[in-house]
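# Summary of the model geometry
Chain by chain, the residues:
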Amino acid sequence: MPALTTPFRVESVAADGIVTLAVSGELDQGTAPELRSALAEALGSEPEAVVVDLTDCGFIDSTGLSLLVEAKRRLAEGERGFGVCSPDADVRRLLELTGIDRAVTLYDTRDDAVAALASSAAA
């Protein structure tokens, strides 16, 4: 019997100048355009920071990884914050093995990311 996968979706929540994009399902070449669109919308709203929450993301491929790096670059150009939360051991290991953790700040939880980015924005 094939494994059931969570349908892909991106939920956006904006609060206190920080936009959080919660990703569910597998982030790959087929689903990346949906995250790309959500990131573009978030960036267009001129937030102080963006958090990508990969808590419910069970897989990410090179297309998804490059989206994260590109989002970080674009936000850094505007001196805005960016973080990724990824408590899933497999996804976090992939982020570390590919060196993404050196380009993008990783947090264990969404609350950790929001708190750190909010305090950075206030400084």
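The structure contained in this document is the topic of the report that follows.

Thresholds, definitions, all that
Residues numbered from 1 in each chain as written. Predicted model: local features only at pLDDT ≥ 70, side-chain atom pairs only at ≥ 80, totals over all residues. Heavy atoms only, no water. Helix = DSSP H or I, 4+ residues; strand = E, 2+ residues; numbered from the N terminus. Contact = heavy atoms within 4.5 Å. Core = buried A, V, L, I, M, F, W, Y, C linked by side-chain atoms within 4.5 Å. Buried < 20%, exposed > 50% of the residue type's maximum accessible area, 1.4 Å probe, protein only. Pairing = 2+ DSSP bridges. Right-handed = clockwise from strand over helix to strand, strands pointing away.

Locating Ser24 in the fold gives a position in strand E2 (residues 18-27). If we skip the residues at most four places from it in the chain, Ser24 touches Thr6, Pro7, Phe8, Arg9 and Asp56.

Leu21, Leu54, Phe82, Val84 and Leu95 are the most contacted members of the largest nonpolar core, which has 29 residues in total. For this core, the elements supplying multiple residues, two or more each, are E2, helix H1 (32-44), strand E3 (49-60), helix H2 (62-77), strand E4 (81-85) and helix H3 (89-97). If one sorts the elements of this core by residue count, H1 sits on top with six residues. Apart from residues no more than four positions distant in its own chain, Phe82 is found in contact with Val50, Val52, Leu68, Ala71, Lys72, Leu75, Val104, Thr105 and Leu117.

A few words now on the pairing of E2. Within E2, nine of the 10 residues are buried, which leaves the element mostly enclosed by the surrounding structure. By the bridge criterion, nine bridges tie E2 to E3 in an arrangement that is parallel. Following the sheet pairing, Thr20 is matched in E3 by Val51. The parallel pair E2 and E3 is bridged by H1, and the resulting crossover is right-handed.

Turning to the environment of Glu48, a few remarks are in order. Topologically, Glu48 is positioned in the loop between H1 and E3. By relative accessible area, which is 44% here, Glu48 ends up partly exposed.

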